[in-house]
Amino acid sequence: MSTFSGFYKKSRQERIDLLVHERALSEESLAILQQDHNLPETIAGKMAENHLGTFALPFSVVPEFWLNGQEYSLPMVTEEPSVVAACSLGAKIIGKSSGFTATIHERLMIGQVALYDIPNSAEARQQILAETDTILNLANQGHPSIVKRGGGARKIQVEEKDEFLIVYLSVDVKEAMGANILNTMLEGMKDYLEDLTKGKALMAILSNYATESLVTAECRIAISTLATSSAIAQETAEKIALASRLAQVDPYRAATHNKGIFNGIDALVLATGNDWRAVEAGAHAYAGRDGQYRGLSTWEIEGEELVGQLTIPLPIATVGGSIGLNPKVQVAFDILGQPDARTLAGLIAATGLCQNFAALRALVTTGIQQGHMKLHAKSLAILAGATEAEVDTIAQQLRKEKHTNLETAKRLLQLLRQEKEA
Ligand code: NDP
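Since this is a predicted model, take the numbers as computed values, not measurements. (Residues numbered from 1 in each chain as written. Predicted model: local features only at pLDDT ≥ 70, side-chain atom pairs only at ≥ 80, totals over all residues. Heavy atoms only, no water.)

Asks: Explanation requested: the packing of aromatic side chains in the structure shown.
Replies: How two aromatic rings sit relative to each other is given by the distance of their centres and the angle of their planes. For the structure shown, the criterion picks out three aromatic pairs. Aromatic pair Phe 65 and Phe 100: ring centres 4.8 Å apart, planes at 5 degrees, arrangement stacked. Taken together, the residues span a long stretch of sequence, with Phe 65 in strand β1 (residues 59-67) and Phe 100 in strand β3 (residues 100-104) at a distance of 35 residues. Residue class for Phe 65 comes out buried when judged on its relative accessible area of 0%. Judged by relative accessible area, which is 2%, Phe 100 ranks as buried. Here Arg 15 stacks its cationic end above the ring of Phe 7, 6.0 Å away from the centre of that ring. In this structure, Arg 277 packs its charged tip against the face of Trp 276, placed 4.3 Å from the ring centre. (Phe/Tyr/Trp six-rings, centres within 6.5 Å; stacked < 30°, edge-to-face > 60°. Helix = DSSP H or I, 4+ residues; strand = E, 2+ residues; numbered from the N terminus. Buried < 20%, exposed > 50% of the residue type's maximum accessible area, 1.4 Å probe, protein only. Lys NZ or Arg CZ within 6 Å of the ring centre and 35° of its normal.)

Shown next, in the form of structure tokens:
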């Protein structure tokens, strides 16, 4: 039996204790978790303008998750009920087979200088390419410390698009996400490019379409583990494969399919202090790369296995931005075992695939509402004003009602209290 069996039934303190023990968390992480210590006001005030305070969300964990033969716990920040439960269940089922594998294809960030009003674009393009070394040097001079860390500008590409001549710069940003690094480098190249092309630079900025930071997560699930009856297991696998084909041909389904993937990805991206808008923007652009918006993952049957695959751009960092500032983010890295950016990107892609599996499995079998409404009923009970002692009773009663809504929750709470008084 796994050390984490029945994790969801334990008290918050028991979960913390188990995690501290199993993941060898530091004394500092333990103290932050126990006191539920959040972002200090002095730091919050420096992170964003006009600040009034801080804004909390649940900080949860998926206890067991297998990637590339190693066991992890995944910290998750999400407001949506059932995301953590679904991911934990998916991870458990997939863990019984091979777990996940992840491949990092490349880890370069792309930025662009968009030039216009160029007298001769074709000639300018050749001039830029001929001066590649000078331009790469200029970029590196803009941010010498990243070169000292073994990173730096790697290549340029030039493309004519409509009235623009666009210079794309690819940079190895090591453990950072690289937005500020690239923006500084690109601004360092701007004047030179204007002089060289006799044109004007409209802007110099990082691109969030991080096609040179692609990550592929894969899992192979023994079909027999999908249900106790082999006929139902086979039918479930076939329906999951069919659902994945639906997301390839129908953008209405694809958007929801990908939202399910992001339920997992965003939760881990947020917990690790990464820029979730950057990840979302890049991945949605990638989902529409051939002109039609499609599901980011695919599921196919190969013999006795259901094989899932997800490829996604993941500009993920372990340093920079707000990562070093937020105490909870530090705990998240501790829970993850202090991964480097490549490992973290692999974990994030695999989490997206796991979440997708859990959602598809529920959708093609019992339907998504069964699990959702269980947790939603608890949220409604709290919203109706139920105390901790009343929440479970109201949630249970609510699930038996025809209309699971706030009005019903309030009525049930009133009845419960009247009964108690009587
Ligand atoms: P930072 O500006 O925080 O830069 C990261 C810094 O970390 C580096 O400059 C480097 O400084 C230091 N560092 C320490 N160790 C390492 C290491 N091993 N590898 C790499 N760097 C290391 O962050 P980024 O440039 O990554 O930019 C990310 C931030 O920019 C995010 O907050 C993002 O939200 C924001 N942003 C995003 C935009 C977008 O997505 N379009 C646009 C603008 C900003 P040094 O080497 O000097 O010590």
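Asks: Explain the packing of helix α15 (residues 388-400) against helix α16 (residues 406-421) here, please?
Replies: Between α15 and α16, the shortest axis-to-axis distance is 10 Å and the interhelical angle comes to 125 degrees. For the element pair α15 / α16, the angle class is oblique. Crossing hand, α15 versus α16: right-handed. Across the interface between the two elements, Glu 390, Thr 393, Ile 394, Gln 397 and Leu 398 from α15 touch Thr 408, Ala 409, Leu 412, Leu 413, Leu 416, Arg 417 and Lys 420 from α16. Here the contact of α15 with α16 is built from residues that sort into six nonpolar, three polar and three charged. (Axes fitted to C-alpha atoms, helices over the stretch in contact; angles between N-to-C directions. Parallel < 35°, antiparallel > 145°, perpendicular 65-115°, else oblique. Left-handed = near helix turned anticlockwise from the far one by under 90°. Contact = heavy atoms within 4.5 Å. Nonpolar A, V, L, I, M, F, W, Y, C, P; charged D, E, K, R; others polar.)

Asks: Explain the site of the ligand here, please?
Replies: Surveying the vicinity of the ligand reveals 21 residues, the closest of which are Ser 145, Arg 149, Gly 178, Asn 180 and Asp 275. Here an oxygen atom of the ligand and a side-chain polar atom of Arg 149 are 2.7 Å apart. Between the ligand and Glu 175 there is a distance of 3.1 Å, counted from a nitrogen atom to a backbone nitrogen or oxygen. With the chains in place, 68% of the 930 Å² that the ligand exposes on its own is no longer accessible. Among the elements of the structure, α7 (144-148) and α8 (179-197) are those that each provide at least two residues to the shell around the ligand. Looking at the shell around the ligand, the element that brings in the most residues is α8, giving four residues. Within the shell around the ligand, the residues separate by chemical class into nine nonpolar, eight polar and four charged. (Near = heavy atom within 4 Å. Polar contact = N/O pair within 3.5 Å; in protein donor to acceptor, adjacent residues only side chain to side chain. Areas by Shrake-Rupley, 256 points an atom, 1.4 Å probe, with all protein chains shown as cover.)

Asks: How should I be thinking about the pairing of strand β9 (residues 297-302) in this particular structure?
Replies: Two faces, one strand: in a regular strand the side chains alternate between the faces of the sheet. Note that β9 and strand β10 (residues 305-313) share six bridges and pair antiparallel. Within β10, the residue paired with Trp 299 across the bridge is Gly 308. Between the end of β9 and the start of β10, which pair antiparallel, lie two residues, with Gly 303 showing a positive phi angle near 60 degrees. (Pairing = 2+ DSSP bridges.)

Asks: What is the right way to read a nonpolar patch on the surface from this model?
Replies: Taken together, Leu 202, Met 203 and Ile 205 make up a surface patch of nonpolar side chains, about 250 Å² in accessible area. Inspection of the secondary structure puts Leu 202 in strand β7 (residues 200-206). (Patch = residues over 30% accessible without salt bridge, like charges linked within 9 Å, V, L, I, M, F, W, Y side chains within 5 Å. Salt bridge = Lys/Arg side-chain N within 4 Å of Asp/Glu carboxyl O.)

Asks: Looking at this model, I keep getting lost on the sheet that holds strand β6 (residues 164-172). Mind explaining?
Replies: Adjacent strands of a sheet form backbone hydrogen bonds with each other and so pair up, either parallel or antiparallel. The four strands are arranged β5-β6-β4-β7 in an open sheet whose pairing can be described as antiparallel. Every interior strand has two partners, whereas the edge strands, β5 (152-161) and β7, have only one. On average, each strand axis in the sheet is tilted by 20 degrees relative to the strand beside it, whichever way the strands run. Bridge analysis of strand β4 (residues 109-116) against β6 gives seven bridges, and the strand direction is antiparallel. Each residue of the ladder has a partner; that of Gly 111, found in β6, is Leu 169.

Spatial relationships are all this shows, so hold off on functional conclusions.
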